[in-house]
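# Chains, contacts and geometry: an overview
Residues per chain, in single letters:
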Amino acid sequence: MAGSSEIEWTDVTWNPVAGCSIASSGCSNCYAMRMAARLQAMGHPKYKGTTRKSGGRYVWTGRVNIDEGSLYAPAEWRKPKRIFVNSMADLFHPDVPDHFIKRVWEVMSACPQHHFQILTKRPDRMADMFESGALKNIVNVWVGTSVENAEVSNRVEQLKRIKGSTLFISFEPLIGRIAEIDLQGIHWAIVGGESGPRARPMEEEWVERLFDICRRDDVAFFFKQWGGRNKKATGRELHGRTYDEYPLELEP
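Residues numbered from 1 in each chain as written. Predicted model: local features only at pLDDT ≥ 70, side-chain atom pairs only at ≥ 80, totals over all residues. Heavy atoms only, no water.

Along the chain, the regular secondary structure elements total 6 helices and 12 strands. Here the C-alpha radius of gyration of the chain, 17 Å, is about what a compact globule of 252 residues would show, namely 18 Å. Across its three principal axes, the chain shows a C-alpha extent of roughly 45 × 45 × 35 Å. Sequence-distant contacts, at least 24 apart, represent 71% of the contacts inside the chain between residues at least 6 apart. Total accessible area computed for the chain in this model is approximately 11,500 Å², and 49% of it derives from carbon and sulfur atoms. Treating the 34 positive side-chain charges of the chain as one cloud and the 32 negative ones as another, the clouds have centres 7 Å apart. (Helix = DSSP H or I, 4+ residues; strand = E, 2+ residues; numbered from the N terminus. Rg over C-alpha atoms; globule rule 2.2 N^0.38 Å. Contact = heavy atoms within 4.5 Å. Areas by Shrake-Rupley, 256 points an atom, 1.4 Å probe, with all protein chains shown as cover. Lys, Arg positive; Asp, Glu negative; His and termini not counted. Charge placed at Lys NZ, Arg CZ, Asp CG, Glu CD.)

If you want it as structure tokens, here you go:
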């Protein structure tokens, strides 16, 4: 239902939804597609029908499965954790019903000991739900969007429509240069290269540019990895050190 995570910026993942569809070029080599395919092959009902084989690899079918059984998992964790919500899906995928998103919000509101990290490639829908009053700001819920290159940088402005929440951007996988972007009002940025067998390269200059923008706009900077086929070999140091900054720290 949930588990500890190797993702550097979180502690555990929580997946009340499984399955997705391609939203932009950053999705092409999504690790979640590969993992979902393995779980589907193992017979996990949660992932049934979520992937299919195409061109020698597995891709999303667009099917989204709701997992009622995992909905209340965070309430079982008493120790404070950073929780990545839906690492295997997008909570704001068009096929996730509004009423279920509201239930996820209710669970997070009832678990103030945790910090929840919600990442979507569909910030317009998320912002619409905030503006309509369907979703409310919760101090321990961070909401973010993915920006892999300049072509989808408009997602930042969509995210900024949400007022009063902790906002973050994941520049991962960073597959193109982002020459200029306004991050004022954004609280946290994650930067990382793509990893895995089909990893596309990330240029150091792209990283340095985003680092400078974060310092200019007072944004906490988290450098996740250089990526590549073997991300452990390339490591995650920048300027001879690691950057593990957060917008807010967990209470001990």
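This brings us to the nonpolar core. By size, the foremost hydrophobic cluster in this structure holds 58 residues, and its most contacted members are Trp-14, Trp-105, Phe-171 and Leu-183. Counting 11 residues, the second largest nonpolar core, distinct from the first, contains Leu-119, Trp-142, Phe-168 and Tyr-246. (Core = buried A, V, L, I, M, F, W, Y, C linked by side-chain atoms within 4.5 Å. Buried < 20%, exposed > 50% of the residue type's maximum accessible area, 1.4 Å probe, protein only.)

Between the first and last C-alpha of helix α5 (residues 204–217) there are 20 Å, a value that for 14 residues agrees with the 20 Å anticipated at 1.5 Å per step. Three or more residues of α5 are buried, namely Trp-206, Val-207, Leu-210, Phe-211, Ile-213, Cys-214 and Asp-217. Viewed end-on, α5 has its buried residues packed into an arc of 165°, placing them on one side of the element. The inward-facing, buried residues of α5 contact β10 (166–171), β11 (188–192) and β12 (220–225). Looking one or two residues beyond α5, the residue adopting positive phi is Asp-218, at roughly 60°. (Expected span 1.5 Å × (residues − 1). Arc of directions from axis to C-beta.)

Attention shifts here to the packing of aromatic side chains. In the structure shown here, the tally under the stated rule is 14 aromatic pairs. Geometrically, the ring pair formed by Phe-92 and Trp-105 is edge-to-face, given 6.3 Å between the ring centres and 75° between the ring planes. Pair noted here: Phe-92 is in the loop between β7 (82–85) and α2 (98–109) and Trp-105 is in helix α2, with a separation of 13 residues, a long-range link. Classification of Phe-92 by relative accessible area gives buried; the value is 0%. Consider the rings of Trp-105 and Phe-130, whose centres lie 5.8 Å apart with planes at 75°: the pair is edge-to-face. Here the residue Trp-105 occupies a position in helix α2, and Phe-130 occupies one in helix α3 (residues 123–132), the gap between them amounting to 25 residues. Residue Trp-105 is classed as buried on the basis of its relative accessible area of 6%. Three or more aromatic residues joined by ring pairs make a cluster, and in this case those are Trp-9, Phe-84, Trp-142, Phe-168, Trp-188, Phe-222 and Tyr-246. Sitting over the ring of Tyr-243, Arg-241 keeps its end group 3.8 Å from the ring centre. (Phe/Tyr/Trp six-rings, centres within 6.5 Å; stacked < 30°, edge-to-face > 60°. Lys NZ or Arg CZ within 6 Å of the ring centre and 35° of its normal.)

As a further point, take the state of the cysteines. Applying the stated criterion across every chain yields a total of 0 disulfides. Distance from the sulfur of Cys-20, which forms no disulfide, to the nearest cysteine sulfur (Cys-27) is 6.6 Å. Judged by its relative accessible area of 10%, Cys-20 is buried. According to the relative accessible area criterion, Cys-27 is buried, its value standing at 8%. (Disulfide = S-S within 2.5 Å.)

Another aspect to go through is the packing of α2 against α3. For the pair α2 and α3, interaxial distance at closest approach is 12 Å and the crossing angle is 75°. For the element pair α2 / α3, the angle class is roughly perpendicular. Between α2, through Asp-98, Ile-101 and Trp-105, and α3, the contact on the second element is made entirely by Arg-125, Met-129 and Phe-130. When the residues that make up the contact of α2 with α3 are grouped by side-chain class, the tally is 4 nonpolar, no polar and 2 charged. (Axes fitted to C-alpha atoms, helices over the stretch in contact; angles between N-to-C directions. Parallel < 35°, antiparallel > 145°, perpendicular 65-115°, else oblique. Nonpolar A, V, L, I, M, F, W, Y, C, P; charged D, E, K, R; others polar.)

Relative to the helices and strands, Arg-229 resides in the loop between β12 and α6 (231–234). Judged by relative accessible area, Arg-229 falls into the exposed class, the value being 68%. In this structure, the C-alpha to C-alpha distance between Arg-229 and Arg-82, residues 147 residues apart in sequence, is 27 Å. Each residue touching Arg-229, except ones within four places of it in the same chain, is listed here: Gly-196, Pro-197 and Ala-199.

Now for the pairing of strand β5 (residues 57–60). In this structure, strand β4 (residues 51–54) lies alongside β5, joined through 4 bridges in antiparallel fashion. Bridge pairing links Thr-51 to Trp-60 in β5. Between β4 and β5, which pair antiparallel one after the other, the connecting turn spans 2 residues, and Gly-55 there sits at a positive phi close to 60°. (Pairing = 2+ DSSP bridges.)

Inspection of the secondary structure puts Asp-67 in the loop between β6 (65–66) and β7. Among the polar contacts made by the side chain of Asp-67, one reaches the side chain of Lys-46 at a distance of 3.0 Å. Of the polar contacts made by the side chain of Asp-67, one reaches the side chain of Ser-70; its length is 3.1 Å. Those residues within four positions of Asp-67 in sequence are excluded, and the remaining contacts are Asn-15, Pro-16 and Lys-46. (Polar contact = N/O pair within 3.5 Å; in protein donor to acceptor, adjacent residues only side chain to side chain.)

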